[in-house]
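# Reading the structure
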Amino acid sequence: MFKRDWDRRTCAKRGHITYAPAEAELAARLHAATALGDAWRCLRCGDFALGAPHGSGPAQDAPLVPRGKALRDLFILRFLAIERVLRGLLIIIVAWAVWKFSNSQDAVHRVFDENLSVFRPVTDHFHWDLEHSPIVDTIRKTFDYKKSTLLIVAGALLAYALIEIVEAVGLWIGKRWAEYLTVVATAAFLPLEGYELSHHVSAVKIGTLVLNIAAVLWIMLSKRLFGLRGGVVAFEAERHSASLLEVEEAAGAVPHAARGAHARA
């Protein structure tokens, strides 16, 4: 029931997708003549839609329309794409801030020291050594960085942000190369995230680490990357059979038992 509702909600937003197969028996099952004109069965939700089909040809050339599990997989990929693009935009802002800081390092240092005195009465009242606090020490260390070092950091951040945005675009449109890029780029930073977590535990860091690990495992297994579960050969075979199965299932040509066996495979 949830699968059918999911498919129909997508059709309600994007419209139906119809196809007229060249095989007469399948075409007869997919077509219906009504008082309002011809109607063809949607390959996504299974409902009949009035009007000419969006395409025609052999059943094996029918468009691969995501529905059910495939549609949910696409939703997950697009959720990851949104997370990637937001992270990329945030990193671009940080890179811009580092670049601006590199061009006005001395001025920022003077402003910091002048305004730090404003907080001294409060920190003295609570007997807190502001001058040697970890936060202040960390900020002051950045004032000692060379401008060239800060520019390298800004460039590295910008490159990382661009990778995140490229990932996001590729995942959104369902490209296989983007899945590989996401797995490699995300896995490369898992040791760093684990190292940071070992020094300072927070709910955000734990959630981010768990999300990234889950994303890597899910993409690798579900998309058969790096030779897993038959690799690209099995993945392409699955896509090809699914294209033909879309038409057969919508036409009612595949018995329920056969569909269940295909789903378990």
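Description of the structure in this document. Everything numeric here is computed off the predicted structure, so don't read it as measured data. (Residues numbered from 1 in each chain as written. Predicted model: local features only at pLDDT ≥ 70, side-chain atom pairs only at ≥ 80, totals over all residues. Heavy atoms only, no water.)

### Observations regarding unusual backbone geometry
- At Arg 224, a position not held by glycine, the phi torsion is positive, near 55 degrees.
- Looking at the secondary structure, you find Arg 224 in the loop between helix H9 (203–222) and helix H10 (231–251).
- Classification of Arg 224 by relative accessible area gives buried; the value is 9%. (Helix = DSSP H or I, 4+ residues; strand = E, 2+ residues; numbered from the N terminus. Buried < 20%, exposed > 50% of the residue type's maximum accessible area, 1.4 Å probe, protein only.)

### Section: a nonpolar patch on the surface
- On the surface, Ile 82, Leu 86, Leu 89, Val 169, Trp 172 and Ile 173 cluster together to form a nonpolar patch covering roughly 580 Å² of accessible area.
- Of all the secondary structure elements, the ones that give two or more residues to the nonpolar patch are helix H3 (69–103) and helix H7 (147–172).
- Within the secondary structure layout, Val 169 lies in helix H7. (Patch = residues over 30% accessible without salt bridge, like charges linked within 9 Å, V, L, I, M, F, W, Y side chains within 5 Å. Areas by Shrake-Rupley, 256 points an atom, 1.4 Å probe, with all protein chains shown as cover. Salt bridge = Lys/Arg side-chain N within 4 Å of Asp/Glu carboxyl O.)

### Examining the pairing of strand E3 (residues 37–41)
- Sheet analysis places strand E2 (residues 31–34) next to E3, joined by four bridges and oriented antiparallel. Along E3, the bridge assignment pairs His 31 with Trp 40.
- Joining the antiparallel neighbours E2 and E3 is a turn of two residues.
- Summarising the sheet, E3 and strand E4 (residues 48–50) pair through three bridges and their orientation is antiparallel. What sits directly across from Arg 41, in E4, is Phe 48.
- What sits between the antiparallel neighbours E3 and E4 is a turn of six residues, in which Gly 46 has the positive phi angle 90 degrees. (Pairing = 2+ DSSP bridges.)

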